[in-house]
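Below are the chains, spelled out letter by letter.
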Amino acid sequence: MERFVSLCIQRLGTHLCRTNIHSQIRHKCLSGKIKSLNGYPARYISISSKQRYSVFEPDGIGDPPEIDEYSELKISLQGFDFVVLESFSRYVHRLLRELEFKNNNFAVPPKCTKVQTYVPNSDKLDQEFNLSTYERSFILEDVPCTKLPLAIEIMQQNLPAGVELSIKWPDVMEEEFRYIPDKEILDLQEQLAEIDQIREDRKKK
């Protein structure tokens, strides 16, 4: 019995001694007092510790995305009924203002079209009409490509009967057509042309 008790005390002492040695090694490794253990570098000793992580954020991650823009577009509304066209043009103007589009709207002089009907199976004139086509135009600048499809869909869904909607690039010829010519200037130009023609005829004689 005494031998068994002494054997248990001996094993218990060995276990306590090993535990004490391991704790001392761990403390010295953490404090950097030893560099190797049994010929192996101290960095190979497995010691649990908390790892620190960092998040990589590239430059400009918080900047707003770049949105492509149309430099300039023209929205044209045409119709034969002036009242309906004018009412819908005001609606389009409010819509573009709500979508924060830079726009400039203006009226275009009406175009007159002469329409004739004939008696069936003959060349005799039956009726004659003069139809005026009215137009309202909007010039848009710096139009974001994300908002343009939404504006087009809303205008198409609310387009009244008899009104035509077209979106295109601005045309120089159409821009000149909106200005009404001055009759006095045209008369003076004709007089100057006649004077130049008279001078040329005299030189020939």
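Residues numbered from 1 in each chain as written. Predicted model: local features only at pLDDT ≥ 70, side-chain atom pairs only at ≥ 80, totals over all residues. Heavy atoms only, no water.

S.K.: Quick rundown of the overall build of the chain? Include the residues and the values.
M.R.: Along the backbone of the chain there are 5 helices and 6 strands. Reading the helices (α) and strands (β) of the chain from amino to carboxyl end gives α-β-β-β-α-β-β-α-β-α-α. Per-residue burial for the chain yields a buried fraction of 15% across its 205 residues. Taking all contacts inside the chain whose residues are at least 6 apart in sequence as the whole, residues at least 24 apart take part in 70%. Carbon and sulfur atoms make up 53% of the accessible area of the chain, which amounts to about 17,500 Å² in all. (Helix = DSSP H or I, 4+ residues; strand = E, 2+ residues; numbered from the N terminus. Buried < 20%, exposed > 50% of the residue type's maximum accessible area, 1.4 Å probe, protein only. Contact = heavy atoms within 4.5 Å. Areas by Shrake-Rupley, 256 points an atom, 1.4 Å probe, with all protein chains shown as cover.)

S.K.: Tell me about the sheet that holds strand β6 (residues 163-168), and please be specific about residues and values.
M.R.: Sheet architecture is open: 4 strands sit in the order β4-β5-β3-β6, paired in antiparallel fashion. Each edge of the open sheet carries a strand with a single partner, namely β4 (102-118) and β6. Between one strand axis and the next, the sheet turns through 20° on average, direction left out of account. Running over the sheet, helix α2 (residues 82-98) touches β3 (69-79), β4, β5 (125-144) and β6 and is turned about 5° from β5. (Pairing = 2+ DSSP bridges. Axes fitted to C-alpha atoms, helices over the stretch in contact; angles between N-to-C directions.)

S.K.: Explain a nonpolar patch on the surface to me, and be specific about the residues and the numbers.
M.R.: A surface patch of nonpolar side chains, about 290 Å² in accessible area, is lined by F80, F129 and L131. Mapped onto the secondary structure, L131 falls in strand β5. Overall, L131 belongs to the partly exposed group, its relative accessible area being 36%. (Patch = residues over 30% accessible without salt bridge, like charges linked within 9 Å, V, L, I, M, F, W, Y side chains within 5 Å. Salt bridge = Lys/Arg side-chain N within 4 Å of Asp/Glu carboxyl O.)

S.K.: For the pairing of β3, give the residues involved together with the corresponding values.
M.R.: Bridge count for β3 against β5 is 10 bridges, and the pairing is antiparallel. Within β5, the residue paired with Y70 across the bridge is V143. Sheet analysis places β3 next to β6, joined by 6 bridges and oriented antiparallel. Bridge pairing in β6 places G79 opposite V163.

S.K.: Before we move on, could you go through the packing of aromatic side chains and cite the residues and values that matter?
M.R.: Under the defined criterion, the tally for this structure stands at 3 aromatic pairs. Measuring from ring centre to ring centre gives 6.3 Å for Y70 and W169, while their planes differ by 55°; the resulting arrangement is tilted. Of this pair, Y70 sits in strand β3 while W169 is found in the loop between β6 and α4 (172-177), placing the two residues 99 residues apart along the sequence. Judged by relative accessible area, which is 33%, Y70 ranks as partly exposed. (Phe/Tyr/Trp six-rings, centres within 6.5 Å; stacked < 30°, edge-to-face > 60°.)

S.K.: Break down the packing of α2 against helix α3 (residues 148-157) for me, citing the residues and quoting the values.
M.R.: The geometry of α2 relative to α3 is characterised by a closest axis approach of 11 Å and an angle of 155° between their N-to-C directions. It follows from the interaxial angle that α2 and α3 lie roughly antiparallel. Crossing hand, α2 versus α3: right-handed. Of α3, the residues touching α2 (which contributes F88, Y91, V92 and L95) are A151, I154 and M155. Residue composition of the contact of α2 with α3, by class: 7 nonpolar, no polar and no charged. (Parallel < 35°, antiparallel > 145°, perpendicular 65-115°, else oblique. Left-handed = near helix turned anticlockwise from the far one by under 90°. Nonpolar A, V, L, I, M, F, W, Y, C, P; charged D, E, K, R; others polar.)

S.K.: An account of a negative patch on the surface is needed here, citing residue identities and associated values.
M.R.: Residues D63, E66, D68 and E69 make up a contiguous surface patch of negative charge. Inspection of the secondary structure assignment puts D68 in the loop between β2 (40-41) and β3. (Lys, Arg positive; Asp, Glu negative; His and termini not counted. Charge placed at Lys NZ, Arg CZ, Asp CG, Glu CD.)

S.K.: Explain the side chain of E135 to me, and be specific about the residues and the numbers.
M.R.: Relative to the helices and strands, E135 resides in strand β5. Buried within the structure, E135 lacks any salt-bridge partner; its nearest side chain of opposite charge belongs to K74, at an N-O separation of 4.3 Å.

S.K.: Tell me about the pattern of salt bridges, and name the residues and values.
M.R.: Evaluated as defined, the whole model comprises 3 salt bridges. One salt bridge connects D142 with K102, and the closest N-O pair in it is separated by 3.7 Å. One end of the pair, D142, is in strand β5; the other, K102, is in strand β4, with 40 residues separating them in the sequence. Residue classification places D142 among the partly exposed positions, given a relative accessible area of 38%. Taking relative accessible area as the criterion, K102 reaches 54% and is therefore assigned exposed. A salt bridge links E128 to K114, with the shortest nitrogen-to-oxygen separation between them at 2.9 Å. With a gap of 14 residues between them, E128 in strand β5 and K114 in strand β4 connect regions that are remote in the sequence. Take K114: its relative accessible area is 53%, and that puts it in the exposed class.

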